[in-house]
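Understanding the architecture of this molecule
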Amino acid sequence: MERLHARYPFLEAAREAVATEAVDLATIVEQDGAVVERASQRVSTALEDGEIGDPHRDPRTELLSYPVARVLVSLVDEGILIRKYARAEAEAAHERFTADIENTVELKSVSSTGLELEDLLAEFGLEDAVRSTDDGYRIGVGRYLPLAAGLRDDRWRLVNRALSGGEVPIDEDELHTLLREAIRERIEEGLPFAVPDAIATTLEPEAEEIRDVLAELDLTREIDTVVPDLFPPCMKALLDDIQKGEHLPHHSRFAITAFLTSIGMSTDEIVELYRVNSSFGEEMTRYQTDHIGGETSPTEYSPPSCATMQSYGDCVNKDDLCERIPHPMAYYEKRIDQTDEDELEDWREGGEESAAGD
């Protein structure tokens, strides 16, 4: 098993190396504590710090920890964990391959530890879609669009690109970012998967530790999808009250505003929602929303927990899922994960009326 494979375990060659070694994963997780420990670190650190931690000094341990980490992610089976783990792995790969590409001269003498741009393009079938130009690169629009789809900055929107001849101009850093997205998609692909009982039983203590880490973290800024029909009953009721023009007490107003900022709504969008309310005051609403969202304060406030919502009398219309969920954001995350992606229609794409349930 080469150091290159340990450094980039998502490569097809790395998968083949593991397969060639005829590695029995059940035996590995039962007998190789170093692999399991590193795998658990990859996942936990991805959750807590957005990275995968320092690589193990033994290439074999480092490489094998990758498939075991994917097993752990599958056992926990939470959408936000899958996304954060894939993002952390992709970010680590991005840091490594950009460093490798910048040191091309050194790479040629130590080819087993580095990755060249041509190899990475070929890995994802992009060698014919990307071509070098005097001032950067050009990529076929058909390959550009899916890779840029998950990037939020407006500069990635096709309307802001000088599309010409079916190609999109990009600079070197942008090409590296698109490659990072290709890596993230590959890592996320197939997660979660069914885990054999023998492996699941052996790894259950590590999976439980990851669940504990997940439960303790504030992950409410990870969602950027607004589907009112999937809101927890408490937030749906508060949103309805706003749209009916009813006066909300301070704690209720804080709860729904914090929830809306946490699922990706901007201050302008939230101000528009409040505009129909009889107690609406734009300046104060904008100030409060900016403060809660961390724009004018050092803290991004999370929505209250279910226990706090209950203590204030805002916990209403509980359903079966509420009985198993400790936080409104966890409820919304679960509902989104249970819904087919094709059926997730963000109200912002259909107009303000959708948010009012009309």
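In this report, the structure presented in the accompanying data block is examined. Keep in mind that what you see is a predicted model, and the values were worked out from it rather than measured.

Here the focus is the packing of helix 12 (residues 233-243) against helix 13 (residues 250-262). How two helices pack is summed up by the angle between their axes together with the distance between the axes. Running from amino to carboxyl end, helix 12 crosses helix 13 at an angle of 110 degrees, the nearest separation of the two axes being 10 Å. What the angle tells us is that helix 12 and helix 13 run roughly perpendicular. In contact with Met235, Leu238, Leu239 and Ile242 of helix 12, helix 13 contributes Ser252, Ala255, Ile256 and Phe259.

This paragraph deals with the side chain of Arg161. Along the chain, Arg161 turns up in the loop between helix 9 (141-148) and strand 3 (167-170). Polar side-chain contacts of Arg161 include one of 3.1 Å to the backbone oxygen of Pro169. Beyond its immediate sequence surroundings of up to four residues, Arg161 is in contact with Tyr144, Arg155, Trp156, Val168, Pro169, Ile170 and Glu174.

What follows concerns the pattern of salt bridges. Per the counting criterion, the structure on display carries 24 salt bridges. Between Glu78 and Lys334 there is a salt bridge, and its shortest N-O distance comes to 3.7 Å. Pair noted here: Glu78 is in the loop between helix 5 (59-76) and helix 6 (79-102) and Lys334 is in helix 17 (residues 328-337), with a separation of 256 residues, a long-range link. Its relative accessible area of 22% is what places Glu78 among the partly exposed residues. Overall, Lys334 belongs to the partly exposed group, its relative accessible area being 23%. Between Asp268 and Arg286 there is a salt bridge, with its nearest N and O atoms 2.6 Å apart. With Asp268 in helix 14 (residues 267-274) and Arg286 in helix 15 (residues 282-292), the pair connects residues that are 18 residues apart, well separated along the chain.

For the rest of this paragraph, the subject is the environment of Ile325. Note on placement: Ile325 falls in the loop between helix 16 (306-311) and helix 17. The exposure class assigned to Ile325 is buried, which follows from its relative accessible area of 14%. Considering only alpha carbons, one finds Ile325 and Ser305, 20 residues apart in sequence, at a separation of 9.7 Å. Residues contacting Ile325, with those up to four places away along its chain left out, are Cys306, Ala330 and Tyr331.

Turning our eyes to something else, we now look at unusual backbone geometry. Residue Pro192 is reached from Leu191 by a cis peptide bond, and omega for that bond is -5 degrees. By the element assignment, Pro192 lies in the loop between helix 10 (172-188) and helix 11 (197-216). Unusually for a residue other than glycine, Asp77 sits at a positive phi of about 55 degrees. Using a relative accessible area of 41% as the deciding quantity, one classes Asp77 as partly exposed. Of note in this structure, Asn317 is not a glycine but carries a positive phi near 55 degrees. Here Asn317 is to be found in the loop between helix 16 and helix 17.

Counting residues in each nonpolar core, the largest one holds 69 residues, and the members touching the most others are Phe10, Tyr85, Leu178 and Leu203. Top element by residues in this core is helix 6. It accounts for 11 residues. Setting aside residues up to four positions removed in sequence, Leu203 forms contacts with Val29, Val36, Val68, Val71, Leu72 and Leu75. Formed by 24 residues, the second largest nonpolar core is a distinct cluster that contains Val227, Tyr274, Met329 and Trp347.

Once that is clear, we can look at the packing of aromatic side chains. This structure, assessed with the given rule, holds six aromatic pairs. Here Phe231 and Phe259 contribute two aromatic rings whose centre-to-centre distance is 5.0 Å and whose plane-to-plane angle is 80 degrees, an arrangement assigned as edge-to-face. Of this pair, Phe231 sits in the loop between helix 11 and helix 12 while Phe259 is found in helix 13, placing the two residues 28 residues apart along the sequence. Residue Phe231 is classed as buried on the basis of its relative accessible area of 1%.

How each quantity is defined
Residues numbered from 1 in each chain as written. Predicted model: local features only at pLDDT ≥ 70, side-chain atom pairs only at ≥ 80, totals over all residues. Heavy atoms only, no water. Axes fitted to C-alpha atoms, helices over the stretch in contact; angles between N-to-C directions. Helix = DSSP H or I, 4+ residues; strand = E, 2+ residues; numbered from the N terminus. Parallel < 35°, antiparallel > 145°, perpendicular 65-115°, else oblique. Contact = heavy atoms within 4.5 Å. Polar contact = N/O pair within 3.5 Å; in protein donor to acceptor, adjacent residues only side chain to side chain. Salt bridge = Lys/Arg side-chain N within 4 Å of Asp/Glu carboxyl O. Buried < 20%, exposed > 50% of the residue type's maximum accessible area, 1.4 Å probe, protein only. Core = buried A, V, L, I, M, F, W, Y, C linked by side-chain atoms within 4.5 Å. Phe/Tyr/Trp six-rings, centres within 6.5 Å; stacked < 30°, edge-to-face > 60°.

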